[in-house]
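# Observations on the model geometry
Given next are the chains, with one letter for each unit.
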Amino acid sequence: MTDMPTTLPASTLLTLTNIESAYGPVKAIRGVSLEVRKGQIVTLLGSNGAGKTTLLKTISGIMEPVRGSIEFAQEDITARESSDIVRKGISHVPEGREVFPLLTVYENLMMGAYTRSDRDAVARDLAQAYRYFPILKEREQQAAGLLSGGQQQMLAIARALLADPQMILMDEPSLGLSPKLTKEIFDIIRMINRDSGRSILLVEQNARIALQTADFGYIMENGRIVMQDTCERLMEKDDIQEFYLGIKQEGVRAERRWKKKKTWR
């Protein structure tokens, strides 16, 4: 196991060290180490089955790692209960939104604030969520199951905000959405980060918009981190352009590159 500094920089909010997670005998995460700093948007990219969703579930306590450690705000939260992790300041927007379909929009939002007792602050955060997503205010007495996919995604993000987290884990926020709605959702994600300084760990299938949104990126394959850099530099790398952004070089050199495997393997 790689040794980590005993005292982390003050700006480091989340640190994973050699995390391994498994579904029974099958390892899904294999020695992943990463960090997210305060106020930073970090993206995780990779193909289906790379382990991105499993990693978010491990951070939020839905899955227990078999090895490694997770530190949040300079406190060890490895294998803590999910409810405890929410109270520590991490909210999870899961893949597929997972709203409570029979509850109203308002009741879903109040479920996000379930761990809080500061009613005035909850009312303030609710008003802010409605400013980000005005359609939720219009539909607040409607059953969440009757919302469109885009509206349910807005509700899932707003519900996470009602917990007043320091960090939000977002899993595929554009899944099943039109390009127009995807742009709208990501504009609001940037706004949330800018307005509140909340850190965001983002898993996203749309590599282009993820790299344009985030500050730093990690590439996952087969449960491992295979590349990491600032998003600006990642977008300039030939492999990222070719395998994630669909940009192919032209000419003989491009033909040779196409026949080669990715350079990080």
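Residues numbered from 1 in each chain as written. Predicted model: local features only at pLDDT ≥ 70, side-chain atom pairs only at ≥ 80, totals over all residues. Heavy atoms only, no water.

### A word on the nonpolar core
The biggest cluster of nonpolar side chains holds 47 residues, and the ones touching the most others in it are Leu109, Phe133, Leu136, Leu155, Met170 and Ile240. The dominant element in this core, judged by the number of residues it contributes, is helix 6 (residues 149–161), at seven residues. Those residues in contact with Leu155 that lie beyond four places of it in its chain are Val99, Val105, Asn108, Leu109, Leu136, Ala144 and Leu147. Counting residues in hydrophobic clusters, the runner-up holds 26 residues, among them Val42, Leu44, Met167 and Tyr218. (Core = buried A, V, L, I, M, F, W, Y, C linked by side-chain atoms within 4.5 Å. Buried < 20%, exposed > 50% of the residue type's maximum accessible area, 1.4 Å probe, protein only. Helix = DSSP H or I, 4+ residues; strand = E, 2+ residues; numbered from the N terminus. Contact = heavy atoms within 4.5 Å.)

### Brief notes about the pairing of strand 7 (residues 167–171)
Across a regular strand the side chains alternate sides, sitting on one face of the sheet and then on the other. The buried fraction of strand 7 is high, at five of five residues. The alternating pattern of strand 7 places Met167, Leu169 and Asp171 and Ile168 and Met170 on opposite faces, both of which are buried. Where strand 7 lies against strand 8 (residues 199–203), five bridges are found, and the strand directions are parallel. Across the sheet, residue Ile168 finds its bridge partner in strand 8, namely Ile200. (Pairing = 2+ DSSP bridges.)

### As for the pattern of salt bridges
Within this structure, the stated rule accounts for 16 salt bridges. One salt bridge connects Asp187 with Lys183, and the closest N-O pair in it is separated by 2.9 Å. Residue Asp187 and its partner Lys183 are both found in helix 7 (residues 179–196); the two are separated by four residues, about one turn of the helix. Overall, the relative accessible area of 31% leaves Asp187 in the partly exposed class. A salt bridge links Arg233 to Asp229; the nearest nitrogen and oxygen atoms lie 2.7 Å apart. Look at Arg233 and you get partly exposed, because its relative accessible area is 46%. It is possible to trace a salt-bridge network through shared partners that takes in Glu75, Arg80, Asp84 and Lys88. (Salt bridge = Lys/Arg side-chain N within 4 Å of Asp/Glu carboxyl O.)

### Brief notes about the packing of aromatic side chains
For any pair of aromatic rings, the description consists of the separation of the ring centres together with the inter-plane angle of the planes. Per the counting criterion, the structure on display carries two aromatic pairs. Considering the side-chain rings of Tyr132 and Phe133, the 6.5 Å spacing of their centres and the 65° angle between planes classify their relative orientation as edge-to-face. Judged by its relative accessible area of 9%, Tyr132 is buried. Residue class for Phe133 comes out buried when judged on its relative accessible area of 1%. (Phe/Tyr/Trp six-rings, centres within 6.5 Å; stacked < 30°, edge-to-face > 60°.)

### Let's talk about the pairing of strand 1 (residues 12–23)
Burial analysis of strand 1 places 10 of its 12 residues in the buried class, the great majority of the element. Of the strand pairs in this sheet, strand 1 and strand 2 (residues 26–37) are connected by nine bridges, and their pairing is antiparallel. Along strand 2, the bridge assignment pairs Tyr23 with Val26. Linkage of strand 1 to strand 2, two consecutive antiparallel strands, is achieved through a turn of two residues, within which Gly24 is found at a positive phi near 60°. Of the pairings in the sheet, the one linking strand 1 to strand 4 (residues 67–72) comprises five bridges and is antiparallel in character. Bridge pairing links Thr17 to Ser69 in strand 4.

### Focus: the environment of Leu14
Looking at where Leu14 falls in the secondary structure, it is placed in strand 1. Assessed through its relative accessible area of 0%, Leu14 is described here as buried. Residues Leu14 and Phe72, 58 residues apart in the sequence, show an inter-C-alpha distance of 4.5 Å. With near-sequence residues (within four places) excluded, Leu14 lies in contact with Leu34, Glu35, Val36, Ile59, Ile70, Glu71, Phe72, Met167 and Leu201.

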